[in-house]
Amino acid sequence: MVFAPDRGTSMAELLFGAPVAAALTERYAPAAEELAKAGRRPALAAIRVGEAKEDMAYQRALAKRCGAMGVAFDALELPGNVSREDLVKKICDLNGNEAVHGVLIFRPLPGELDEAARRALSPEKDVDGITDGSLAGLLTGAGGFAPCTAAACIAILEHYGVSFRGRRAAVVGRSLVVGRPAALLLCERDATVTICHSRTKNLPKILRESEIIIAAAGRANLLGGECFAPGQVVIDVGMNFVNGKLTGDADFAAAEKTVAAITPVPGGVGAVTAALLAANVVRAAKNRG
Ligand code: NAP
C-alpha cells in the first residue's frame, strides 16, 4: 500500500481520519462502560475562554466524540475578559475534583493567561500533554500523555500500517503543540527525523528525500510539488482558511499526483485528535484505579 516505489499515474491513497477515530472509539468504549458500571464514568472538563469559532467547533466535535465513547463531557465557558486569578482558580478546582479525570484547555489563550493556565493544570489531569510534567515524560519516555494532535499523526500512520523503523521522516514545524512532540514520537519509533522550521534551508530537498512527512506549519500551500516524491506518506496537520475554505499546508493537487498516501484537509488529523483526547480520559480514569 504505502512506500510503493512508484505508483505511476494513479492517485495517492487518502488517509481519512474517521476510520481511525472509529477504531479508537471501539477500542476504548468498553473500558469506559466498565468504569461507569463501577461508578467511575470517565469525565472530561473543557475550559473555553471567549467564543473563538475554532474553539466552538472543536468543543462540538469533542462533545460528540466523548458521547460516542461513553465519556462524560462538560464545558466551562469563561468570558473573554476573565482574570488570571479567576482562571487559575477554576483550573485548581478541577484539579481537586475527584469526579473529573481529564481537563482540556482550549488554547492558545490571550497574553499571560496561556502560560498561567498551562502551569496551573495538574499533570495527572493533563490529557492533552500541555504541562511541563507531561512534556518531560514524553522527552524521557517516563510516560504521561503526549499532545493529542501530535499523537493523532502517529495514530493515523499506525492505523494505515505505515512502518517507522529506519524510515527517513521530516516534520515541518517545531511548536510544543505539534511539531516537536510529533518528532519525538517518530524518533521513539525508530524513524530518523529531521525537524524543519521557518529558518530551514532547502526545505523542498529535505522533504523530497523523506519517506514520511508531517506538515504542521500553518502555511497554506507551503509544500508544493517540488517537495514530493513517489512512495511518500504525508500527514497534513495544517488548518488554513483560504477564501473561506479550509486547506492544509500541502498543495493537495500536486501531492496526490505524486505521493503514495496523504491525509485530506478537512477529514484527516482533526477527527483523530478529538478521539485520542477522549481515549486519554478513559486511560486517566483507569490509571486512577
Ligand atoms: P505554530 O505554533 O504557529 O508553529 C508553526 C511552526 O511552523 C513553527 O515552528 C514555524 O517555525 C514553522 N513554520 C512557519 N512557517 C514556516 C515556513 N515557511 N517553513 C518552515 N516552517 C515554517 O503552529 P502550531 O500550533 O504548531 O500549528 C500548526 C498548524 O497545525 C496550524 O495550521 C494549526 O491550525 C494546525 N493544527 C491542527 C490541529 C488539528 O487537530 N488538526 C491541531 C493543532 C494545530 P518557527 O518555529 O521558526 O517560527
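Right above here is the structure, for reference.
Rules used in this analysis
Residues numbered from 1 in each chain as written. Predicted model: local features only at pLDDT ≥ 70, side-chain atom pairs only at ≥ 80, totals over all residues. Heavy atoms only, no water. Helix = DSSP H or I, 4+ residues; strand = E, 2+ residues; numbered from the N terminus. Buried < 20%, exposed > 50% of the residue type's maximum accessible area, 1.4 Å probe, protein only. Expected span 1.5 Å × (residues − 1). Bend = angle between axes of the 7 residues up to and from the residue. Contact = heavy atoms within 4.5 Å. Core = buried A, V, L, I, M, F, W, Y, C linked by side-chain atoms within 4.5 Å. Phe/Tyr/Trp six-rings, centres within 6.5 Å; stacked < 30°, edge-to-face > 60°. Lys NZ or Arg CZ within 6 Å of the ring centre and 35° of its normal. Polar contact = N/O pair within 3.5 Å; in protein donor to acceptor, adjacent residues only side chain to side chain. Pairing = 2+ DSSP bridges. Near = heavy atom within 4 Å. Nonpolar A, V, L, I, M, F, W, Y, C, P; charged D, E, K, R; others polar.

A. Examining unusual backbone geometry more closely. Residue P108 is reached from R107 by a cis peptide bond, and omega for that bond is -5°. The topology assignment puts P108 in the loop between β4 (102-105) and α4 (112-120). That bond from V265 to P266 is cis: its omega, -5°, falls within 30 degrees of zero. Structurally, the position occupied by P266 is in the loop between β11 (261-262) and α10 (269-287). Positive phi values are uncommon outside glycine, yet N221 reaches one of about 60°. For N221, the location among the structural elements is in the loop between β7 (212-215) and β8 (233-236). A relative accessible area of 46% means that N221 is categorised as partly exposed. In this structure, N243 takes a positive phi of about 50° despite not being glycine. By secondary structure assignment, the location of N243 is in the loop between β9 (240-242) and β10 (245-247).

B. Here's a closer look at helix α1 (residues 18-37). For α1, with 20 residues, the first-to-last C-alpha span of 28 Å sits near the 28 Å given by 1.5 Å per residue. Bending of α1 peaks at approximately 35° at the position of Y28, with proline P30 no more than four residues after it. Inspection of α1 places V20, A21, L24, T25, Y28, A31, A32, L35 and A36 among the buried residues, and these make up the whole buried set. In this fold, the buried residues of α1 make contact with α2 (53-69), α6 (148-159) and α10. Residue G39 follows α1 closely and has a positive phi angle near 80°.

C. Representation of the nonpolar core. Grouped together as the largest cluster of nonpolar side chains are 59 residues, with contacts concentrated most on L44, L186 and I235. Among the elements that line this core, the one with the most residues is α10, at 12 residues. Contact partners of I235, with chain neighbours within four places excluded, come to L15, C153, I156, L157, I213, I214, A215, T263 and V269.

D. Molecular detail of the packing of aromatic side chains. The full count for this structure, using the stated rule, is 1 aromatic pair. Ring centres of Y58 and F106 lie 5.8 Å apart, and the angle between their planes is 80°; this geometry places the pair in the edge-to-face category. One end of the pair, Y58, is in helix α2; the other, F106, is in the loop between β4 and α4, and 48 residues separate them in sequence. When the ring centre of F241 is taken as origin, the NZ or CZ atom of K53, which lies over that ring, is 5.1 Å away.

E. A look at the environment of Q59. Along the chain, Q59 turns up in helix α2. Separated by 134 residues in the primary sequence, Q59 and V193 have C-alpha atoms spaced 33 Å apart. With near-sequence residues (within four places) excluded, Q59 lies in contact with R48, F73, A75, E77 and F106. Here the side chain of Q59 touches R48 through a polar contact of 2.7 Å, side chain to side chain.

F. Local environment of the sheet that holds strand β1 (residues 13-14). Sheet architecture is open: 6 strands sit in the order β1-β11-β8-β7-β5-β6, paired in parallel fashion. Edge positions in the sheet fall to β1 and β6 (192-196), since each of these pairs with one other strand and no more. Where β7 lies against β8, 4 bridges are found, and the strand directions are parallel. Bridged to I214 within β8 is I235.

G. Here's a closer look at the pairing of β8. With burial as the criterion, each face of β8 is covered, one bearing V233 and I235 and the other bearing V234 and D236. Pairing of β8 with β11 involves 2 bridges; the strand directions are parallel. Of the residues in β11, the one forming a bridge with V233 is A261.

H. How the structure looks around the site of the ligand. Around the ligand, a shell composed of 19 residues is seen, among which R174, S175, S198, G218 and M239 lie nearest. Within the side chain of S175, a nitrogen or oxygen atom sits 2.5 Å from an oxygen atom of the ligand. One nitrogen or oxygen atom from the main chain of H197 is found 3.4 Å from a nitrogen atom belonging to the ligand. Each residue belonging to the shell around the ligand can be placed in one class, and the counts come to 7 nonpolar, 10 polar and 2 charged.

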